[in-house]
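Architecture at a glance
The residues making up each chain are set out below.
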Protein chains: 2
Amino acid sequence: MVKKELTNRKLFDEFYSNKLSDGKEVDLQGRVRTNRNNGSIGFIEFNDGTFFKNIQLVYENNEYSKIRYGSTIEVKGNIKLTPNNKQPFEITVKEINLLNDCAEDYPLQKKRHSFEFLREIAHLRSRANTFYAVFRVRNVLTYAIHKYFQERNFVYVHTPLITSNDAEGAGQVFKVVADMKKPDDFFKANASLTVSGQLHVEAFALTYRDVYTFGPAFRAEQSNTTRHASEFWMIEPEMAFCDLEDNMNVIESFLKYIIKYVLDNAKEEMNFFDTMIEKGVIKKLEHVIHSEFKRMTYTEAIEILKKAKENGHHFEFNDIHWGMDLQSEHERYLTEEVIKGPLFLIDYPKEIKAFYMKQNADGKTVAACDLLVPYVGELIGGSQREEKYDVLLYKMQEIGNDKGLEWYLDLRKYGGCIHSGFGLGFDRLLMYITGISNIRDVQPYPRTPGSLKF
Amino acid sequence: MVKKELTNRKLFDEFYSNKLSDGKEVDLQGRVRTNRNNGSIGFIEFNDGTFFKNIQLVYENNEYSKIRYGSTIEVKGNIKLTPNNKQPFEITVKEINLLNDCAEDYPLQKKRHSFEFLREIAHLRSRANTFYAVFRVRNVLTYAIHKYFQERNFVYVHTPLITSNDAEGAGQVFKVVADMKKPDDFFKANASLTVSGQLHVEAFALTYRDVYTFGPAFRAEQSNTTRHASEFWMIEPEMAFCDLEDNMNVIESFLKYIIKYVLDNAKEEMNFFDTMIEKGVIKKLEHVIHSEFKRMTYTEAIEILKKAKENGHHFEFNDIHWGMDLQSEHERYLTEEVIKGPLFLIDYPKEIKAFYMKQNADGKTVAACDLLVPYVGELIGGSQREEKYDVLLYKMQEIGNDKGLEWYLDLRKYGGCIHSGFGLGFDRLLMYITGISNIRDVQPYPRTPGSLKF
């Protein structure tokens, strides 16, 4: 046995609950973040991976000054409370055992590296402060999402990744083949990687009422932007007996819950982002938690944008008209300038939204809701689903998407109901919460066009 | 708004905590499971998807007898406590509104269907009792796994699904291509679907100490067995400063925790499996919870198997010798006949185990541990990882697996440490817990050779 029960996190937990006693004996394993000495006394910044903050080791044995940055060590010593210092406690070293030396050509040097460089060493970059914080928040956010749904009796469904159809009926998909010479041979069908689990999870909403999927999705687009990755994670809840208004209530409650959970459970990391990555990010998120999310129809939004243009506001996409797809600048104008907070835009023209969305009585719009937030624009997209068999069939035939989806139509035929759901990209949500501006820097091993190292 | 706060589950929760009052007014939405009447009085078995047990609706209005099995309804009425009946309470109907009729050709008839038939209607089968129970337990088990790790400060890592290498260096993989005519063009590399996230997650264990991945994995094998699927979910924890013995301690604690969690949180479903699917499954699982997991070396196991053969025990694979790969019948003999409980087999010949496993001092075996359980054989496989750079490099070169994995070797060069981990197939674990004997019946939409409906 080599595993120790004591960790940096436990020491900090003890300290914050006033239970850490001066002189406490400790035995820890972890990594050397820095090692410096002034001749008579040495200092190691030590981190064992369990907590964001380092612990300072203070040693007198000059031998330890040879231990290289990046090495792993076991340290035995005693806690020394230091209430007047920046660090509330340190460890007075009795003994350090070098477990594994770090080679001198360690690419992660003490200097500040560019994010571009760090992407090239994805296997090491989580040891650098920013990524150390990012991937822990990624974990905390994931658990917040599961907790929210599980506490409300939603059933988590693993929708398939290999599929013979795609939800949007658009966009480029990756093909999956066992043998390049006989591409359809393995499954006896055209197999591709999913772009969304929504259609598959809808069937389960009609059994369990409230369900969600949370898993990977893929896009084979040649988009080299800061917001596109070829592989990413999606959250897609679906609720039976739930209309558009109910849906928006859940989205609002969900988003506030998960943001609050991260602020409460990743304090050190969020403070780091607030200082080093996006000044004010905590205030931005607290504002969301304390806002009442406003609601506005697409038609109203177009009128407001037209008026803004008349009054001299400059938009890059200047041809404001009913039926247009809103650009990020329009969304941001509405949420930042008009509402100054989160905003649901609802009732979009049916032509610019997906076939499965519920057609409104006006015959022109669908019961969609996009949540817009300041600094980003659209964060979450949702809709009530078309529950009428005939209407849905007609729309599917119109776009030639009815073959292979008979089972999806069945859900309207055998005891359907009003149901709604929403979807959001997990990685973009994480960007929003951490302030990190490139999707490549919130994914453990990002996959983008031309990039498949690791 | 159409969403109601009250659900079947809440009513049962109230009942079990003695808070459900006779006469309570209720308003529920859900599905008709059966509808029968004797002329003057009618009975609907009603389920809204939130709880395994149905609630009986009792009506007098003969109009309601026309409501078809499978339809969705809204029901208003009053609770009637029925302490002397099989069902502890029922609902006296005031009003039923038909929300959506179920067509007469509903494939899910009241008679018992074969599992084979139900696989053909995967979009509807979760409404049938067995699958209704299976997919809820799937959800409960998933959450148990996350809870176990999160409560112990493990960091969940989303390892990539599209990859340029594979952990086992063996087995057939699915290729991922954006354009069939230019297969390597999108990523500028040979892209395939992952068979394991282990190598990728090891890098994060060296940062965060304790980590895990829990996501989909793929095998392009033409195996049409009850235990093989082309797409499945895997759990792969990895721990730094952790040797083989620590690893086994975690496996034992983990397995006991998640089984107990399911027994405690899916009581009705587990009782159903115990009655209808595998008699004694609860006792089997409770035995695991209360067992102390034994440990035995592979070498000892071979001796025992040889002796069993000498004493006349019949094995299909009869050529028992050191170096052989144990078959399921051997594993089951050891765990069922010899130990009569869970058993770790350790220290396997290096030739039959993966390259990344820690070589023991004897030069012949590796620090692997396979957990064998009665009725299944191997349930979980783990090992200490080779932390010595030179030894690992040699083994990788030996099997020609050193190209493209330089980053994996780096983890031994830049402050490595003793570390260990394990892996288990989530779907097979679910089969073990529910007693369901075909992997196609525990996955929402199973993917197997020749099968890609939905």
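All of the points below concern the structure found in this document. (Residues numbered from 1 in each chain as written. Chains lettered and ligands numbered in written order. Predicted model: local features only at pLDDT ≥ 70, side-chain atom pairs only at ≥ 80, totals over all residues. Heavy atoms only, no water.)

1. Concerning the packing of aromatic side chains
Summed over all chains, the structure comprises 84 aromatic pairs over all chains. Residues Phe149(A) and Phe154(A) carry aromatic rings whose centres are separated by 4.9 Å and whose planes lie at 50 degrees to one another, so their mutual orientation is tilted. For the residue pair Phe149(A) and Phe154(A), the accessibility class agrees, reading buried in each case. Summarising the aromatic geometry, the rings of Phe186(A) and Phe174(B) are spaced 5.1 Å apart at their centres and angled 85 degrees between planes, so their arrangement reads as edge-to-face. Of the two residues, Phe186(A) sits in the loop between strand 8 (175-177) and strand 9 (192-193) while Phe174(B) sits in the loop between strand 7 (162-163) and strand 8 (175-177), which places them in two different chains. Judged by its relative accessible area of 5%, Phe186(A) falls in the buried class. Between the NZ or CZ atom of Lys364(B) and the centre of the ring of Trp322(B), over which it lies, the distance is 5.2 Å. (Phe/Tyr/Trp six-rings, centres within 6.5 Å; stacked < 30°, edge-to-face > 60°. Buried < 20%, exposed > 50% of the residue type's maximum accessible area, 1.4 Å probe, protein only. Helix = DSSP H or I, 4+ residues; strand = E, 2+ residues; numbered from the N terminus. Lys NZ or Arg CZ within 6 Å of the ring centre and 35° of its normal.)

2. So, the state of the cysteines
Cysteine pairs can be linked by a disulfide, which is a covalent bond between their two sulfur atoms. Residue and element names in this part refer to chain B. Considering all chains together, one arrives at zero disulfides over all chains under this definition. Just so you know, Cys242 is unpaired, no disulfide at all, and the nearest cysteine sulfur is the one on Cys417, 9.3 Å from it. Residue class for Cys242 comes out buried when judged on its relative accessible area of 0%. (Disulfide = S-S within 2.5 Å.)

3. Quick word on unusual backbone geometry
Residues and elements named next belong to chain B. Look at Asn153: it is not a glycine, yet its phi comes out positive at around 70 degrees. With respect to the helices and strands, Asn153 occurs in the loop between helix 3 (129-151) and strand 6 (155-156). Judged by its relative accessible area of 24%, Asn153 is partly exposed. Despite not being glycine, Lys188 shows a phi value in the positive range, around 55 degrees. One can find Lys188 in the loop between strand 8 and strand 9 (192-193).

4. So, the sheet that holds strand 14 (residues 365-373) of chain A
Residues and elements named next belong to chain A. Pairing within the open sheet is mixed, and its eight strands lie in the order 6-10-11-16-15-14-13-12. The open sheet has two edge strands, strand 6 (155-156) and strand 12 (294-297), and neither has a second partner. Bridge analysis of strand 12 against strand 13 (residues 343-349) gives four bridges, and the strand direction is parallel. Bridge pairing links Met296 to Leu345 in strand 13. Its contacts with the sheet place helix 3 (residues 129-151) against strand 6, strand 10 (210-218) and strand 11 (231-240), and it is angled at close to 150 degrees to strand 10. (Pairing = 2+ DSSP bridges. Contact = heavy atoms within 4.5 Å. Axes fitted to C-alpha atoms, helices over the stretch in contact; angles between N-to-C directions.)

5. A closer look at helix 7 (residues 281-290) of chain A
All names here are of chain A. Listed in full, the buried residues belonging to helix 7 are Val281, Ile282, Lys284, Leu285, Val288 and Ile289. All buried residues of helix 7 fall inside an arc of 160 degrees around its axis, so they share one side. Opposite the packed face of helix 7, turned more than 90 degrees from it, sit the exposed residues Lys283 and His290. Residues of helix 7 that are buried sit in contact with helix 5 (244-265), helix 6 (267-276) and helix 12 (426-434). (Arc of directions from axis to C-beta.)

6. Points about the pairing of strand 2 (residues 42-47) of chain B
All names here are of chain B. The element strand 2 is extensively covered by neighbouring structure, given that six of its six residues are classed as buried. The alternating pattern of strand 2 places Gly42, Ile44 and Phe46 and Phe43, Glu45 and Asn47 on opposite faces, both of which are buried. Judged from the six bridges that link them, strand 1 (residues 25-37) and strand 2 form a sheet pairing that is antiparallel. Paired with Val32 across the bridge in strand 2 is Phe46.

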